[in-house]
Amino acid sequence: MTLTQWFIFFIIVQIIHALGTWKLYIKAGRNAWEAFIPVYNAVILMKIINRPWWWTILLFLPIVNLIMFPVVWVETARSFGKHTTLDTVLAVVSLGFYNYYLNYATDVSYIKDRSLEPRTSLGDWVNSILFAIVAATIVHTYIIQPFTIPTSSLEKSLLIGDFLFVSKLNYGPRIPMTTLALPMVHDSIPKTKLKSYVADDNLATKEKSLKNKTLLPYLRLPGFQDIKRNDIVVFNWPVDTVQVFFKNPDRNYWKPIDKQSNYVKRCVGLPGDSLEVRNGFVYINGKQNVLPDRAKLQFSYLVQPKTHQFNPKELADRYGITDRFGIINDKNTYMFMSITDEAVAKFKNHPNVESITPIKEQKGVRDANIFPHDPNYNWNNDFFGPLYIPEEGKTIKLNLEVLPLYKRVITEYEGNTLKVKGNQIYINDKLADSYTFKQNYYWMMGDNRHNSQDARAWGFVPFDHVVGKPVFIWMSWDQNGKPRWDRFFTTVHGSGKPVSYLIPALIAAVLLYGFSIWRKRKKENA
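Small disclaimer: the values here were computed from a predicted structure and weren't measured. (Residues numbered from 1 in each chain as written. Predicted model: local features only at pLDDT ≥ 70, side-chain atom pairs only at ≥ 80, totals over all residues. Heavy atoms only, no water.)

Enquirer: Explain the overall build of the protein to me, please; I cannot follow it from the model alone.
Expert: The secondary structure content of the protein amounts to 13 helices and 21 strands. The dimensions of the protein, computed from C-alpha atoms along their principal axes, are 95 × 70 × 35 Å. Taking all 526 residues of the protein together, the buried fraction comes to 45%. Of the contacts formed within the protein by residues at least 6 apart in sequence, a portion of 66% connects residues at least 24 apart. (Helix = DSSP H or I, 4+ residues; strand = E, 2+ residues; numbered from the N terminus. Buried < 20%, exposed > 50% of the residue type's maximum accessible area, 1.4 Å probe, protein only. Contact = heavy atoms within 4.5 Å.)

Enquirer: Even after reading the chapter, I still don't get the sheet that holds strand β12 (residues 383-388), so can you show me in this structure?
Expert: Strands belonging to one sheet form pairs held by backbone hydrogen bonds; the direction of such a pair is parallel or antiparallel. The sheet built from 4 strands is open, its strands ordered β7-β6-β5-β12 with antiparallel pairing. With one partner strand each, in any of the chains shown, β7 (287-288) and β12 form the two edges of the open sheet. Pairing of strand β5 (residues 274-278) with strand β6 (residues 281-284) involves 4 bridges; the strand directions are antiparallel. Across the sheet, glutamate 276 pairs through a bridge with tyrosine 283, a residue of β6. (Pairing = 2+ DSSP bridges.)

Enquirer: How do you make sense of the confidence of the model for the protein when you look at a structure like this?
Expert: For residues with low pLDDT, the predicted coordinates do not support detailed interpretation. Of all residues in the protein, 90% attain a pLDDT of 70 or more, and the chain-wide mean is 86. For the stretch residues 244-251, pLDDT sits under 50, and the model shows 22 contacts to residues farther than four places along the chain or on other chains. (pLDDT = per-residue confidence, 0-100.)

Enquirer: Looking at this structure, I do not really get the sheet that holds strand β15 (residues 424-427). What am I missing?
Expert: Read from one edge to the other, the open sheet built from 3 strands follows the order β14-β15-β16, with strand pairing classed as antiparallel. Sheet topology places β14 (418-421) and β16 (430-431) at the edges, where each strand pairs with a single neighbour. Two strands pair when backbone bridges link them, and β15 and β16 are joined in this way by 2 bridges, in the antiparallel orientation. Pairing of tyrosine 426 across the sheet is with leucine 431, part of β16. Across the face of the sheet, helix α11 (residues 403-413) comes into contact with β14 and β15 while running at roughly 145° to β14. (Axes fitted to C-alpha atoms, helices over the stretch in contact; angles between N-to-C directions.)

Enquirer: Help me out: how do you make sense of the nonpolar core in this one?
Expert: In summary, soluble globular proteins display a tendency toward joint burial of nonpolar side chains. One finds Leu275, Phe384, Leu387, Trp443, Trp458 and Phe460 to be the most contacted residues of the largest nonpolar core, which totals 45 residues. For this core, the element with the highest residue contribution is α11, accounting for 6 residues. Aside from chain neighbours lying at most four places away, what touches leucine 387 is Asp273, Ser274, Leu275, Phe371, Trp379, Leu405, Tyr406, Trp443 and Phe460. Counting 34 residues, the second largest nonpolar core, distinct from the first, contains Ile48, Val74, Phe80 and Leu216. (Core = buried A, V, L, I, M, F, W, Y, C linked by side-chain atoms within 4.5 Å.)

Enquirer: Sorry if this is basic, but what is going on with the side chain of aspartate 240 here?
Expert: Mapping aspartate 240 onto the fold places it in the loop between β3 (232-236) and β4 (262-269). At a separation of 2.8 Å, a polar atom in the side chain of aspartate 240 contacts the main-chain amide nitrogen of serine 261. (Polar contact = N/O pair within 3.5 Å; in protein donor to acceptor, adjacent residues only side chain to side chain.)

Enquirer: Which parts of the structure should I look at to understand unusual backbone geometry?
Expert: Trans peptide bonds make up most of the peptide bonds, and negative phi angles are found at most residues other than glycine. Here phenylalanine 371 and proline 372 are connected by a cis peptide whose omega angle stands at 10°. Within the secondary structure, proline 372 is located in the loop between β11 (353-358) and β12. With omega at 10°, the peptide bond leading from glycine 385 into proline 386 counts as cis. Following the sequence through the fold, proline 386 ends up in strand β12. Positive phi outside glycine occurs at methionine 184, with the angle close to 65°. By the secondary structure assignment, methionine 184 is in the loop between β2 (162-167) and α8 (206-209). On the basis of relative accessible area, methionine 184 is assigned to the partly exposed category, the value being 37%. In this model, asparagine 279 sits at a positive phi of 55°, which is unusual for a non-glycine residue.

Enquirer: In this structure, what is going on with the environment of glutamine 362? I would like to understand it.
Expert: Its location among the elements puts glutamine 362 in the loop between β11 and β12. Taking the relative accessible area as the measure of exposure, glutamine 362 reaches 58% and is therefore exposed. The spacing of glutamine 362 and lysine 213 is 149 residues in sequence and 50 Å in space, taken between C-alpha atoms. Not counting residues up to four positions away in its chain, the partners in contact with glutamine 362 are Asn380 and Phe383.

Enquirer: Before we go on, may I ask you to explain the environment of methionine 337 in this structure?
Expert: Residue placement: methionine 337 occurs in strand β10 (residues 334-339). On the accessibility criterion, methionine 337 (8% relative accessible area) is buried. As a C-alpha pair, methionine 337 and histidine 450 span 113 residues in sequence and 7.3 Å in three-dimensional space.

Enquirer: What should I look at first to understand the packing of aromatic side chains in this one?
Expert: Here the distance between the centres and the angle between the planes together describe a pair of aromatic rings. With the rule as written, the count across this model stands at 32 aromatic pairs. Considering the side-chain rings of phenylalanine 163 and tryptophan 474, the 5.7 Å spacing of their centres and the 65° angle between planes classify their relative orientation as edge-to-face. Linking phenylalanine 163 in strand β2 with tryptophan 474 in strand β20 (residues 466-476), this pair joins segments that are 311 residues apart in sequence. For the pair phenylalanine 371 and phenylalanine 460, a centre-to-centre distance of 5.7 Å together with 80° between the ring planes defines the contact as edge-to-face. Taken together, the positions of phenylalanine 371 in the loop between β11 and β12 and phenylalanine 460 in the loop between α12 (455-458) and β19 (461-462) put the pair 89 residues apart, joining distant regions of the chain. (Phe/Tyr/Trp six-rings, centres within 6.5 Å; stacked < 30°, edge-to-face > 60°.)

Listed below in structure tokens is the structure:
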């Protein structure tokens, strides 16, 4: 739905609320007209049910409001003496229309100073659970979210088994687009193959997604920083909407943006940059990109041992190589991946290593799996570009030569229709020889250059796909299930060797726990 359609829907909901509660407002000592003023009526309703005014904000937060609306329906009924289990069930299953019954068919009385304490232990338990879910959903959706690192594409900076806290505040919290979804789960219910949200996945394009009656258009609250070059960023994987994207990069499957798979990569290219990969190294506007000191580039190498007394696992473990393959030919040659320059230097000095040779693709040799998946672009993982990264408001000349680079941006990410007739390009049925971008785009890559499914395979990341910035590793386990204590409570960004704040965190937790017990006892003795 568009913002206009959502506004109309909002007004209709306000009218339904007003018609179903205006008499209840009068019985609570308020004016009938107060039930008809949008937003203000919710503030007054919070006063009527003896709840804080800021509950009004929760009613307008997507996902959170799915919990808050039933709570308010029940609280309204209880404010007029309807406390039974049947009243509670009717208030919820009727989607709030139980208020119409109270408003027109009964002679209820308002209880001004009713007790807000649950009448049963079950009610107390339900209240606690609901409060915890609401609080956790707000934090998870709008402030900070936990993630797990599943791959080695950012090896050395982020390891497989790292558990991250990702800040939504740095780049601005994104308002959920899927308004009907379970809180704190992604695209499916855990342990099942069932969707966790309501949306019509049969719709085929982003332009059609506006026709999806349950989806909000893209909205984002202000952040306090822009994405900087070499930031590690979590984003929704753009081609999660495409089945076998390297064979059919156009479209045959659709999911809402905020329900596409979460990915984490390093942003090496910013809007307006000209990016090129030369011999595996990234160049921005003609200059080689310099990574932070914590980042370590890794490439693949062929290792030829001197004798058959060669233990590749022992060698890989010694030099911290996580990805490796065994014998690849009859000469007992091994291919190792994820090797840093430091590891290569040590490799060369190993007494049982005859030679170590980098595996690099040749310039001008096309890899069909590489963006833009067009035979006119002879690009591969090690030699790629140059490529202009779109910037909001900037215009490019459009012709058949550059169209493969920006076709997906124009159609999928910015919702236009595009047709090619002969040598002419039509956008939204109008002849076009240029195009102005509507949002910023970014180029995301892994530091593990030969073992990373990154932008070289699927192209640009639109800003509306950006989730947040990893800021903290709160827990880390190796692939054998053992804790990496030195990585607990360490920062993701910064320079120098990461420092663990585990001990200060434990001390703070103990002090906080002690304070809560002291405060509880003081309250009981008061």
